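# Examination of the molecular architecture
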Amino acid sequence: MSRSQNEEFQQWWNKQRDRNHDVLYAGDDEAFLTVEIRTPAVDPDKDRIRTRTARQLSRLYLLKFQQLASSFVWIANSFIYLVRTANRRIANDNPPSVSSSARLYRLIKGFLFLVILLLFFELAAYFKGWHFTPPSVASAEVALEVVYARWLEIRASYLAPPLQSLTNVCIVLFLIQSVDRLVLVLGCFWIKLRRIKPVASMEYPAKPVGEGIRLEDYPMVLLQIPMCNEKEVYQQSIGAVCMLDWPKERMLIQVLDDSSELDVQVLIKAEVQKWQHRGVRIVYRHRLIRTGYKAGNLKAAMNCEYVKDYEFVAIFDADFQPPADFLKKTVPHFKGNDDLALVQTRWAFVNKDENLLTRLQNINLSFHFEVEQQVNGVFINFFGFNGTAGVWRIKALEDCGGWLERTTVEDMDIAVRAHLCGWKFIYLNDVKCLCELPESYEAYKKQQYRWHSGPMQLFRLCFMDILRSKVSIAKKANMIFLFFLLRKLILPFYSFTLFCVILPLTMFFPEANLPSWVVCYIPGIMSILNIIPAPRSFPFIVPYLLFENTMSVTKFGAMISGLFKFGSSYEWVVTKKLGRSSEADLVAYAESGSLVEPTSIQRSSSDSGLTELSKLGAAKKAGKTKRNRLYRTEIALAFILLAASVRSLLSAQGIHFYFLLFQGLTFVIVGLDLIGEQVS
């Protein structure tokens, strides 16, 4: 190797060594590997790795930012939707009338103003740090601090003690009602465990009534279908009653039409004539002077001369569809029980899964029939008549004075008077009549208002009659303290007062304490007990609890209205029905394509079929447009509860905060009429 070549090699070697690279020299037969170990300098590859990682992190943060932005957009859109819905429903809403509801709204509006004022005051104190070190009057430096110190003294000495006393009273009432609910559930478990059920002394053959039967074995039964402007459901009720498996000679059907709309009268009268042509004994009655609502309608029908030929009367509201063997399963219980006045059957609902509102109603009514009615029927032979799907002994109706028009709960009225006269009741849980639940919050609210104002009207009217009656002291105590006071008065009182008034106030008056077990644990247990008869509804247990507290304002207002004789408590509003099952019947009829013979009547609609349904649909569209409403009382209570939740957040009260937050949001949903049928 020449000298110049050695110098070039040495230069290359030194350059590679300075760069801390490995040197590899390969010849034809030999390989040289030289490694120098020293502290390495910064590796350019690591810079590239760091650069790539930073780029990935930036993309990750960008993705998270996009997700956060989309969440904010969704929240903003939801808020805008709620605001637009509120504006639209405020524009379409009528101001509340001068009634008990208007009075209650004014009181709640004043309460809202007070709560908002207290919230701003507490927020100012919180940011000043006075929550952590409460100031005294002596140490106060500025005017606002002096005012806050004076407020703390007044709150602790004069306001918190009476609030705590009211809280304790409501807690005691709450516990008493919870014990009553628990006893009812245990009684229901006992009935199921022992398989206790009413047993009739005789049974009718299951096969359809035909020739060769002894007519004297079948008592004379009068069947009444009261209705008023219910063109959506009249066909299904008339058709179901006409198809009852009972000798035609031994029953008469009265269609008691109180409709004020002429076209509805014509349709119902045509339906009655259709069944008359098929050999059914059915008559149409329409009152010219429509006084007394449903009670007046039934009273006028019972005054007919031919009623004296009948022994029993069965009543079905316009949306009820009794099974064909209804009379065969109910009438035998009267044989051998001369002191039996009423056989009540259970309701089943064709639209219980229609929306959230109907699901929550199904929970309530399932508990009412499965637990309350069954336990009271088995152990004390008394319960409130449900107004429909029941069979009365006509002699018992006459003995207790017949139908009276003095209240809006004529069914409960006649049941109480019959019980005071010594008559007994039976409830059949395994006999079910199909009916329809109200699907709109407006219809449900009106129904609940009537159901909770009427009992207080009745309690005022019959209290002295209960004391003067000849029934035992135990039955008097049960009727006064359990049937009326605890379940009809105390329940709506403490439910509204405790969760809508006291709970928000205790957030602003922390010296008055409402325990967490009253706010969360006991209501949760009671909700579980309520939902046991409807186990499929268990996923709705939290909405059920919140919705029941929301309905307490309506029930409380109705209770006060009935107790103090406000004018709105005497308003009888027909619960709006949609007739979903009747439309299905019409479709089934159209598919069958043939009329039924009088000898083998099947469930069907009128002969005009789908044409008549189309006419009804056109009439609905031509009528007044139906819209969802805005409920101002519920909206005001929503702001009260949400303001109280902010105050509880300042005090770090976890359970109270979450309860107030979700309860307030529930009031917002109900107040905007978003829970039931949406028609606007």
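Calculation notes
Residues numbered from 1 in each chain as written. Predicted model: local features only at pLDDT ≥ 70, side-chain atom pairs only at ≥ 80, totals over all residues. Heavy atoms only, no water. UniProt positions renumbered as here; feature names shortened; annotations may be inferred. Helix = DSSP H or I, 4+ residues; strand = E, 2+ residues; numbered from the N terminus. Expected span 1.5 Å × (residues − 1). Buried < 20%, exposed > 50% of the residue type's maximum accessible area, 1.4 Å probe, protein only. Polar contact = N/O pair within 3.5 Å; in protein donor to acceptor, adjacent residues only side chain to side chain. Axes fitted to C-alpha atoms, helices over the stretch in contact; angles between N-to-C directions. Parallel < 35°, antiparallel > 145°, perpendicular 65-115°, else oblique. Left-handed = near helix turned anticlockwise from the far one by under 90°. Contact = heavy atoms within 4.5 Å. Nonpolar A, V, L, I, M, F, W, Y, C, P; charged D, E, K, R; others polar. Pairing = 2+ DSSP bridges. Right-handed = clockwise from strand over helix to strand, strands pointing away. pLDDT = per-residue confidence, 0-100. Phe/Tyr/Trp six-rings, centres within 6.5 Å; stacked < 30°, edge-to-face > 60°. Lys NZ or Arg CZ within 6 Å of the ring centre and 35° of its normal.

The protein carries the name Glycosyltransferase 2-like domain-containing protein in an unreviewed UniProt entry, which gives Eutrema salsugineum as its organism. Under Subcellular location (unreviewed entry), UniProt gives the following word-for-word description of the protein: "Golgi apparatus membrane". Looking at the protein in UniProt, the text filed under Sequence similarities (unreviewed entry) is "Belongs to the glycosyltransferase 2 family. Plant cellulose synthase-like C subfamily."

According to UniProt, the positions carrying the feature "transmembrane region" (unreviewed entry) are residues 65–83, 104–127, 166–191, 489–508, 630–649 and 655–675. Secondary structure across residues 166–191 divides into 100% helix and 0% strand, with the first and last C-alpha atoms of the span separated by 38 Å. A helix fraction of 90% and a strand fraction of 0% characterise residues 630–649, whose end C-alpha atoms lie 29 Å from each other.

Our focus in this paragraph is helix α9 (residues 356–379). Counted at 1.5 Å a residue, the expected span for α9 with its 24 residues is 34 Å, and the 34 Å between its end C-alpha atoms agrees. Most of α9 is tucked away, with 19 of its 24 residues classed as buried. Sitting at the head of α9, Asn355 places a side-chain oxygen 3.0 Å from the backbone nitrogen of Leu357. Just beyond α9, the residue with positive phi is Asn381, at close to 55°.

Another point: unusual backbone geometry. Of note, Arg195 is a non-glycine position whose phi angle comes to about 55°, a positive value. Counting through the fold element by element, Arg195 comes out in the loop between α4 (143–194) and β3 (221–227). Positioned with a positive phi, Tyr293 is a non-glycine residue whose angle comes to about 55°. When its relative accessible area of 41% is taken as the criterion, Tyr293 is described as partly exposed.

Contact geometry for α4 and helix α14 (residues 516–531): axes closest at 10 Å, N-to-C directions at 20°. The angle between α4 and α14 places the two elements in the roughly parallel class. Considering the relative orientation of α4 and α14, their crossing is left-handed. Contacts between α4 and α14 involve Ile171, Phe174, Leu175, Ser178, Arg181, Leu182 and Val185 from the former and Trp517, Val518, Ile522, Pro523, Met526, Leu529 and Asn530 from the latter. Across the contact of α4 with α14, the residue classes tally to 11 nonpolar, two polar and one charged.

Now for the pairing of β3. Within β3, seven of the seven residues are buried, leaving the element largely enclosed by the surrounding structure. Taking every second residue as pointing to the same face, both faces of β3 are buried, with Val221, Leu223, Ile225 and Met227 on one and Leu222, Gln224 and Pro226 on the other. Sheet topology note: the β3/strand β4 (residues 251–257) ladder contains seven bridges and is parallel. Bridge pairing links Leu222 to Leu252 in β4. Note on the crossover from β3 through helix α5 (residues 234–242) to β4: the handedness is right-handed.

Looking at the element boundaries, Val646 is found in helix α18 (residues 632–650). Along the sequence, Val646 and Leu661 sit 15 residues apart, while their C-alpha atoms lie 8.4 Å from each other.

The predicted model of the protein has a mean per-residue pLDDT of 84, with 80% of residues at 70 or higher. Scored below 50 in pLDDT, residues 21–35 makes 14 contacts in the model with residues more than four places away or belonging to other chains. Overall, residues 582–623 carries pLDDT values under 50, and its contacts beyond four positions in sequence, including any with other chains, amount to 56 contacts.

Right, let's talk about the packing of aromatic side chains for a bit. Summed over the entire model, instances satisfying the criterion amount to 29 aromatic pairs. Judged by centre distance (5.2 Å) and plane angle (40°), the rings of Phe174 and Tyr494 are tilted. With a gap of 320 residues between them, Phe174 in helix α4 and Tyr494 in helix α13 (residues 473–508) connect regions that are remote in the sequence. Taken individually, Phe174 and Tyr494 each receive the classification buried, so the pair is uniform in this respect. On the numbers, 5.0 Å between centres and 85° between planes, the contact of Tyr441 with Tyr631 is edge-to-face. Here Tyr441 is found in helix α12 (residues 441–468), whereas its partner Tyr631 is found in the loop between α17 (610–622) and α18, with 190 residues between them in sequence. One cation-aromatic arrangement involves Arg278 over Trp275; the distance from NZ or CZ to the ring centre is 4.8 Å. Of note, Lys488 hangs over the ring of Phe483, and the distance from its end group to the ring centre comes to 4.4 Å.

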